[in-house]
Amino acid sequence: WLGLYQTGVLVAPKSRFGFSYMGFSTRGMPGENNTVVTDVYEDGQNLWVATDGGGLFCRPAAGGRKRQAERVFTRDNSALNNNAILTVTGDRYGTIWLGTYLGGLYYIEGGATLKPYPYADQVGTDRIRTLVYDPARDLLYVGTSGAGLTVIDAKTRKPVARQVDEDYRWISALHLDATGRLWVGSYNGPFCYDPSLDRIIPFSGTAGSNLPPRIYDICSSADGSIWFGTEEGLFQWNETSRELRRYTQQDGLSNNVVRAILSADGGDMWVSTSS
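Figured I'd write up the structure that's included with this text. (Residues numbered from 1 in each chain as written. Predicted model: local features only at pLDDT ≥ 70, side-chain atom pairs only at ≥ 80, totals over all residues. Heavy atoms only, no water.)

**Quick word on the pairing of strand β24 (residues 269-273)**
Step number 1: The pairing of strand β23 (residues 258-263) with β24 spans 5 bridges and is antiparallel. By the bridge assignment, Ser 263 is partnered in β24 with Met 269.
Step number 2: In this structure, the hairpin formed by β23 and β24 is closed by a connection of 5 residues, where Gly 267 is found at a positive phi of approximately 105°. (Pairing = 2+ DSSP bridges. Helix = DSSP H or I, 4+ residues; strand = E, 2+ residues; numbered from the N terminus.)

Structure (structure tokens):
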């Protein structure tokens, strides 16, 4: 309940879904949220928030270091040369990896110093779109805009493979399924990548050609289905039956442009759209 000067009384009801609000401000204003959040990663101690134009925020996570103050990494106080950060993740060594739109790949060692990736020339571009860490193989997958897929050994931090297939240069999504396969979404459809063979496996199925070319997100569910978020709806692919099913606004979606998908333990699928 808020009493407002010369305005009256404002009632802020408790959220129906139990969500709370977190402010991230480029001006350092508590509670203010004037940044565009592009990605979020929690390492058990800290919550890392990537923003488009505001740099990288580091805030103590629930159960983390309570007394640690929020930190912000920008081009004004760190080695960053671009504040447009599109993706952030971490590996088993405590290293935080972040990709920028026009500044390339960076990493933070020990939660303190931010450094530019020393083998940036082998990535092929400074436009990093998405990152995924594979704990089983200890590999970092780097999806780029225009230069394909780069595979990095997380321990040595050196590139070990690179795929620059002409059909899959523009990477938009990366996903590891329960079997450890890497699914890659691009602006020319999806494919699988086999790191043991360093080989691209094209997506194929009885209805595979019906998938729209632009893939915004990929997710797998407990029943083994692979889900694709596209600009023409949500697609579910059953590998056993080779059946491809499409969900659109006619099935209840608020919008056909599906940007992100998550699978819950209970079997529910959470889908965010452009509306």
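**Some points on the sheet that holds strand β4 (residues 46-51)**
Across a sheet, paired strands are connected by hydrogen bonds in the backbone, their directions being either parallel or antiparallel.
Step number 1: Taken together, 4 strands build an open sheet; the order of strands is β3-β4-β5-β6 and the sheet is antiparallel. If you trace the sheet from one side to the other, it starts and ends with β3 (37-42) and β6 (71-73), each paired once. The mean angle between the axes of side-by-side strands here comes to 20°, regardless of whether they run parallel or antiparallel.
Step number 2: When strand β5 (residues 56-60) meets β6, the two strands line up antiparallel, connected through 3 bridges. Pairing of Cys 58 across the sheet is with Arg 71, part of β6. (Axes fitted to C-alpha atoms, helices over the stretch in contact; angles between N-to-C directions.)

**Quick word on the sheet that holds strand β12 (residues 139-144)**
Step number 1: Judged by pairing direction, the sheet is antiparallel, and its 4 strands sit side by side in the order β11-β12-β13-β14 without closing on themselves. Only two strands of the sheet have a single partner each, and these edge strands are β11 (128-134) and β14 (158-163). Looking at each pair of strands side by side, their axes are set apart by 20° on average, direction ignored.
Step number 2: One ladder, built from 5 bridges, connects strand β13 (residues 149-153) with β14; its direction is antiparallel. Paired with Thr 150 across the strands is Arg 162, a residue of β14.

**With respect to the nonpolar core**
Within soluble globular proteins, side chains that are nonpolar tend to cluster in buried spots.
Step number 1: With 14 residues, the main nonpolar core has Tyr 141, Leu 149, Leu 174, Leu 182, Val 184, Phe 191 and Tyr 193 as its most contacted residues.
Step number 2: Sorting the residues of this core by element identifies β12, β13, β15 (171-176), β16 (182-186) and β17 (189-194) as the ones contributing at least two each.
Step number 3: In terms of nonpolar packing, the next biggest core, distinct from the first, is built from 13 residues, Trp 48, Leu 56, Tyr 106 and Ile 108 among them. (Core = buried A, V, L, I, M, F, W, Y, C linked by side-chain atoms within 4.5 Å. Buried < 20%, exposed > 50% of the residue type's maximum accessible area, 1.4 Å probe, protein only.)

**Brief notes about the packing of aromatic side chains**
Step number 1: Counted by the stated rule, this structure contains 13 aromatic pairs.
Step number 2: When the centroid spacing of 5.3 Å and the interplanar angle of 75° are considered together, the rings of Phe 24 and Phe 57 count as edge-to-face. Taken together, the residues span a long stretch of sequence, with Phe 24 in the loop between β2 (8-10) and β3 and Phe 57 in strand β5 at a distance of 33 residues.
Step number 3: Residue classification places Phe 57 among the buried residues on the basis of a relative accessible area of 0%. (Phe/Tyr/Trp six-rings, centres within 6.5 Å; stacked < 30°, edge-to-face > 60°.)

**Quick word on the layout of surface pockets**
Step number 1: Volume-wise, the largest pocket comes out at about 950 Å³.
Step number 2: Along the walls of the largest pocket sit 29 residues, with Thr 38, Asp 39, Thr 130, Leu 174 and Asp 217 positioned nearest its centre.
Step number 3: Elements represented by at least two residues in the lining of the largest pocket include exactly β3, β7 (85-90), β11, β15, β19 (215-220) and β23.
Step number 4: Within the lining of the largest pocket, the residues separate by chemical class into 17 nonpolar, 8 polar and 4 charged. (1 Å grid on protein atoms, 1.4 Å probe; cavity = no way out; pocket = protein on both sides within 12 Å on 5 of 7 lines; lining within 4 Å. Points joined across faces, edges and corners; volume = space filled by probe spheres on them. Nonpolar A, V, L, I, M, F, W, Y, C, P; charged D, E, K, R; others polar.)

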